[in-house]
Amino acid sequence: DAGVIQSPRHEVTEMGQEVTLRCKPISGHDYLFWYRQTMMRGLELLIYFNNNVPIDDSGMPEDRFSAKMPNASFSTLKIQPSEPRDSAVYFCASSLRGLYNEQFFGPGTRLTVL
Amino acid sequence: TQLLEQSPQFLSIQEGENLTVYCNSSSVFSSLQWYRQEPGEGPVLLVTVVTGGEVKKLKRLTFQFGDARKDSSLHITAAQPGDTGLYLCAGERAGSYQLTFGKGTKLSVIP
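Definitions and cut-offs
- Residues numbered from 1 in each chain as written.
- Chains lettered and ligands numbered in written order.
- Predicted model: local features only at pLDDT ≥ 70, side-chain atom pairs only at ≥ 80, totals over all residues.
- Heavy atoms only, no water.
- Pairing = 2+ DSSP bridges.
- Helix = DSSP H or I, 4+ residues; strand = E, 2+ residues; numbered from the N terminus.
- Axes fitted to C-alpha atoms, helices over the stretch in contact; angles between N-to-C directions.
- 1 Å grid on protein atoms, 1.4 Å probe; cavity = no way out; pocket = protein on both sides within 12 Å on 5 of 7 lines; lining within 4 Å.
- Points joined across faces, edges and corners; volume = space filled by probe spheres on them.
- Nonpolar A, V, L, I, M, F, W, Y, C, P; charged D, E, K, R; others polar.
- Contact = heavy atoms within 4.5 Å.
- Buried area = accessible area lost by both parts, 1.4 Å probe.
- Polar contact = N/O pair within 3.5 Å; in protein donor to acceptor, adjacent residues only side chain to side chain.
- Salt bridge = Lys/Arg side-chain N within 4 Å of Asp/Glu carboxyl O.
- Buried < 20%, exposed > 50% of the residue type's maximum accessible area, 1.4 Å probe, protein only.
- Disulfide = S-S within 2.5 Å.

Here we look at the sheet that holds strand β3 (residues 19-24) of chain B
Residues and elements named next belong to chain B. The antiparallel open sheet is built from five strands, whose spatial order is β1-β3-β8-β7-β6. For this open sheet the edge positions go to β1 (5-7) and β6 (55-58), each flanked by a neighbour on one side alone. Geometrically, the sheet is characterised by an average inter-axis angle of 15° between neighbouring strands, direction not taken into account.

Topic: the layout of surface pockets
The space that makes up the largest pocket amounts to roughly 690 Å³. Lining the largest pocket are 26 residues, and of these Q37 and M39 of chain A together with Q37, L86 and K106 of chain B sit closest to its centre. The set of elements that each furnish at least two residues to the lining of the largest pocket consists of β4 (31-38), β9 (88-95) and β11 (109-113) of chain A together with β9 (85-92) and β11 (105-110) of chain B. Here the residues of the lining of the largest pocket sort into eight nonpolar, 12 polar and six charged. Broken down by secondary-structure element, the contributors of at least two residues to the lining of the second largest pocket are β5 (42-50) of chain A together with β9 and β10 (100-101) of chain B. Of the residues in the lining of the second largest pocket, the class split is seven nonpolar, 10 polar and seven charged.

Re the interface of chain A and chain B
Facing 24 residues of chain A, the contacting portion of chain B comprises 19 residues. Here chain A and chain B share an interface that buries about 1700 Å² over both sides, 53% of which is from carbon and sulfur atoms. On the chain A side of the interface with chain B, the three residues burying the most area are L43, Y100 and N101 of chain A, jointly 29% of the side's total. Between chain A and chain B we count nine residue pairs in polar contact (both at pLDDT 80 or more) in total. Going through the elements one at a time, β4, β5 and β9 of chain A are the ones with two or more residues in the side of chain A that touches chain B. Across the side of chain A that touches chain B, the residue classes break down as 12 nonpolar, seven polar and five charged.

Structural notes on the sheet that holds strand β3 (residues 19-24) of chain A
All names here are of chain A. Ordered in space as β1-β3-β8-β7, the four strands form an open sheet in which the pairing is antiparallel. Taken across any chain shown, the strands that pair with only one partner, and hence form the sheet edges, are β1 (5-7) and β7 (65-71). Adjacent strand axes in the sheet meet at a mean angle of 15°, parallel and antiparallel pairs treated alike. Note: β1 against β3, three bridges, orientation antiparallel. Each bridged residue has a counterpart across the sheet, and for S7 the counterpart in β3 is R22.

So, the pattern of salt bridges
Counted under the stated rule, the structure contains 10 salt bridges over all chains. Between R36 of chain A and E44 of chain A there is a salt bridge, and its shortest N-O distance comes to 3.7 Å. Assigned by exposure class, R36 of chain A and E44 of chain A land together as buried. D83 of chain B is the salt-bridge partner of R60 of chain B, the closest N and O atoms lying 2.9 Å from each other. Remark: D83 of chain B occurs in the loop between β8 (71-76) and β9 and R60 of chain B occurs in the loop between β6 and β7 (61-65); sequence separation between them is 23 residues.

Details of the state of the cysteines
The final tally for this structure, using the stated rule, is two disulfides over all chains. The disulfide that involves C23 of chain A links it to C92 of chain A, with 1.9 Å between the sulfurs. Every disulfide takes its handedness from the sign of the S-S torsion; for C23 of chain A and C92 of chain A that torsion is -65°, giving left-handed. Of this pair, C23 of chain A sits in strand β3 while C92 of chain A sits in strand β9; the two residues are 69 residues apart in sequence, bridging distant segments of the chain. Of the two residues examined, C23 of chain A and C92 of chain A, each falls in the buried class. Here C23 of chain B is linked by a disulfide to C89 of chain B, with a sulfur-sulfur distance of 2.0 Å. Handedness here is read from the sign of the S-S torsion; for C23 of chain B and C89 of chain B, about 80°, the answer is right-handed. Placement of the pair is C23 of chain B in strand β3 and C89 of chain B in strand β9, with a sequence separation of 66 residues.

Okay, structure coming up:
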């Protein structure tokens with residue numbers, strides 16, 4: 001079975017440009033999470049969806065960040081305009097509602113903003 | 001303020017040695033998970049512990065949840081180079097379907 005798929009794996013862009021990160025969760029999973037990982041702050045939750053509906057976006061750092069989940073098999077995280085401090089690895093994870101929130105992570109997108 | 005504190009941050013040991021890493025908090029968790037992350041990859045779930053005092057074993061890895069469900073430890077016996085990676089603990093609080101992650105312990109096992 002395919003795991004969580006993210007694209008692109010690497011993205012290098014210039015400050016001010018729009019960046020779109022993509023995620024395909026595991027089929028049948030009803031929760032989707034977007035995280036950002038940096039050396040300084042570790043793994044931080046940005047936003048999560050349940051059945052395609054955003055539940056908590058309190059981790060989104062600024063209005064420059066937005067996320068959508070138009071259907072059960074696709075989600076995007078957009079940064080517009082991008083800034084050098086947005087450089088990080090962005091992970092998407094999905095889970096199936098059960099007794100415990102056991103999450104399956106994608107391989108991540110390494111974003112570098114110059 | 002980091003909700004989950006992991007220690008040590010970095011650990012470098014020789015193959016065959018034993019080690020323990022810790023995950024501590026002042027908060028109570030309904031469950032606690034341990035993940036391992038290798039370079040260039042996403043975290044992979046190793047185990048979930050849910051009951052205070054619970055001990056789970058996964059081959060040479062032993063996980064323990066504190067009696068008060070505020071802390072956890074991971075003990076590795078006879079470490080191997082394949083154990084190298086970033087070990088993350090993550091807690092879920094009752095009523096919240098979110099995980100809070102510690103910053104991790106970066107383990108290097110030298111052949």
